[in-house]
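# Coordinate analysis (summary)
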Amino acid sequence: MNIGFITTEYYGYTHVGGIASALDSLVNELTKLGHSIVVITRSDENRAIVQRPNLTIYPIVSKGITVTLYFPWMVSRILPRIIRDHKLDIIETTLTRFPTLISAHTVREVPLVLRIYTSLSTLLGGATLKKKLNRAVHYWGERDNLLQSNALSIASQASFEKIMEHYKLNSNKITVPVEMIPIGIPFKKTQISKHEAKIQLHKKIGVTSNDNPFIILYVGAMHFHKGVDLIIKAAEWFEQNNSRVRFVLIGSGDIYQFTESANLPTNCTFLGAVDDNQKDICMRGADIILIPSRWESFGIVSLEAMSREIPLIAGKTGGLKEIIQDKKTGWLVDHTKEDIIDKINIIMSMPPNELRAITDRALRHFKTNFDIKITAQQYLNFYEKVIKLHKQYESI
């Protein structure tokens, strides 16, 4: 199958987040299976077209406001030629947040699948004129895309329901196939032992194994909706009540917006953005992964924790509630400092065999439902279904 992807995030070309991670895993798996993939991506700088076995990447330089306007306009210009040159059978785009200048309805010979994670306009806050205009552009562009695509694939039921509510749509308005396909990531065999990872992580944060630290790790952007402020408050409590507990945060953004002074609690270390290798060391060396998000359309970090058999605490929200089986494969928490502290203390006091039973169950849950080998096949089955329906429609 010849498959095209249009995205604003891709590894090596832009600052990456969940969309880039999800797409990179899918593209790698599909190329391994012998499918021909084309990726049209936004790029932070000028890059040449990349051609590899079964993979072609077309980068388009776009920054700032041009992400909203110039990038989709350029895509719409080059898309017809790319469809013809690569004989694409189907296109999937994550551009829920842009006006439909990229709509494949301008080149009706191939169907367009819209991949839904969440709506950017639901997260854009502020009352300035610029922010209001930005929110309005995203809102109407996203709504238009939902109504014009040939099919919708959704990462979680929660994100789909939130978007339908946000755009004041009901099921009668959506007349195209809708398929829930969870994000998948590859299962990676351990490259470093947990013991060695702990030693390296301890060194990073300035402690030794003799200190017997119990490390809580947060992985993600420093945003309010990620619950970073709750982590800081929990750290302050443990600073006064249990000096063994240490908090480590990795990810991009300004963590100091959540502190009343220019300093973090003494038991809290911010490492900033790290590469994949360093992230793996941090995760394998941690005793708990904590992601107390107020909202997550899915929650890739939860999959990364389960696949590494690290105890997981996550916010009781969005896609996280669909991924994590509370008290069976992890723990779901309310968005309060008190509940986070309570769950950490519960895990710390659990017998090792009981804790291991939960992480073993989480790993089995991951392999059964979220391994990229499983989800990639679900994508292919859905693509075949959409292509078949599109051909039937075109023949009428």
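The model shown is predicted, which means the values in this text are computed figures rather than measured ones.

Conventions used here
Residues numbered from 1 in each chain as written. Predicted model: local features only at pLDDT ≥ 70, side-chain atom pairs only at ≥ 80, totals over all residues. Heavy atoms only, no water. Pairing = 2+ DSSP bridges. Helix = DSSP H or I, 4+ residues; strand = E, 2+ residues; numbered from the N terminus. Axes fitted to C-alpha atoms, helices over the stretch in contact; angles between N-to-C directions. Core = buried A, V, L, I, M, F, W, Y, C linked by side-chain atoms within 4.5 Å. Buried < 20%, exposed > 50% of the residue type's maximum accessible area, 1.4 Å probe, protein only. Contact = heavy atoms within 4.5 Å. Salt bridge = Lys/Arg side-chain N within 4 Å of Asp/Glu carboxyl O. Expected span 1.5 Å × (residues − 1). Arc of directions from axis to C-beta.

### Thoughts on the sheet that holds strand β7 (residues 151-154)
Spatial ordering of the open sheet is given by β3-β4-β2-β1-β5-β6-β7-β8, a layout of 8 strands whose pairing is mixed. Pairing within the sheet leaves two strands with one partner each, and these edge strands are β3 (50-52) and β8 (178-180). Taking each pair of neighbouring strands and ignoring which way they run, the sheet shows an average axis angle of 20°. Judged from the 3 bridges that link them, strand β5 (residues 90-93) and strand β6 (residues 112-116) form a sheet pairing that is parallel. Residue Ile91 lies in a different strand from β6, and its bridge partner there is Leu112.

### As for the sheet that holds strand β10 (residues 245-250)
An order of β11-β10-β9-β12-β13-β14 is seen for the 6 strands of this open sheet, with the pairing classed as parallel. The open sheet is flanked by β11 (268-272) and β14 (331-333), the only strands paired with a single partner. For this sheet, the mean inter-axis angle between neighbouring strands, taken without regard to orientation, is 25°. Bridge analysis of β10 against β11 gives 4 bridges, and the strand direction is parallel. Note that in β11 the partner of Val248 across the bridge is Thr269.

### Some words on the nonpolar core
Ranked by internal contacts, the top residues of the largest apolar core, which has 66 residues, are Leu217, Phe247 and Ile289. Among the elements that line this core, the one with the most residues is helix α7 (residues 228-241), at 7 residues. Sequence-distant contacts of Leu217, that is, excluding residues within four places in its chain, are made with Val248, Ile250, Cys282, Met283, Ala286, Ile288, Ile289 and Leu290. Val39, Leu55, Ile90 and Val386 belong to the second largest nonpolar core, which has 24 residues in total.

### Some details on unusual backbone geometry
Positioned with a positive phi, Asn54 is a non-glycine residue whose angle comes to about 70°. Here Asn54 shows up in the loop between β3 and β4 (55-61). With a phi close to 55°, Asn212 is a non-glycine residue in the positive phi region. Here Asn212 lies in the loop between α6 (194-205) and β9 (214-219).

### What to know about the pattern of salt bridges
Enumeration over the complete set of coordinates arrives at 14 salt bridges. Asp287 is the salt-bridge partner of Lys198, the closest N and O atoms lying 2.8 Å from each other. Here the residue Lys198 occupies a position in helix α6, and Asp287 occupies one in the loop between α8 (276-285) and β12 (288-291), the gap between them amounting to 89 residues. Per residue, the accessibility class of Lys198 equals that of Asp287, and both read buried. Put simply, Lys327 and Asp326 hold a salt bridge, and the shortest N to O gap is 3.2 Å. On the basis of relative accessible area, Lys327 is assigned to the exposed category, the value being 55%. Given the relative accessible area of 29%, Asp326 is considered partly exposed. Connected through salt bridges with shared partners, the residues Asp280, Arg284 and Arg308 form a single ionic network.

### Here's the deal with the pairing of strand β1 (residues 2-7)
Working note: regular strand, side chains alternate between the two faces of the sheet. With respect to burial, β1 is a largely interior element, 5 of its 6 residues being buried. Here β1 runs beside strand β2 (residues 36-43); their pairing, made up of 6 bridges, is parallel. The residue of β2 that forms the bridge with Asn2 is Ser36. Sheet topology note: the β1/β5 ladder contains 4 bridges and is parallel. Bridged to Ile6 within β5 is Thr93.

### Side note on helix α12 (residues 352-369)
Taking 1.5 Å of rise per residue, the 18 residues of α12 would be expected to cover 26 Å, and the 26 Å separating its terminal C-alpha atoms lies within 8% of that figure. By the burial criterion, the buried members of α12 are Leu355, Ile358, Thr359, Ala362, Leu363, His365 and Phe366. One side of α12 carries all its buried residues, which in axial view fall inside an arc of 160°. Along α12, exposed side chains directed more than 90 degrees from the buried face belong to Asn353, Arg364 and Thr368. Of the surrounding secondary structure, the elements contacted by the buried residues of α12 are α9 (300-307), α10 (320-323), β14 and α11 (337-349).

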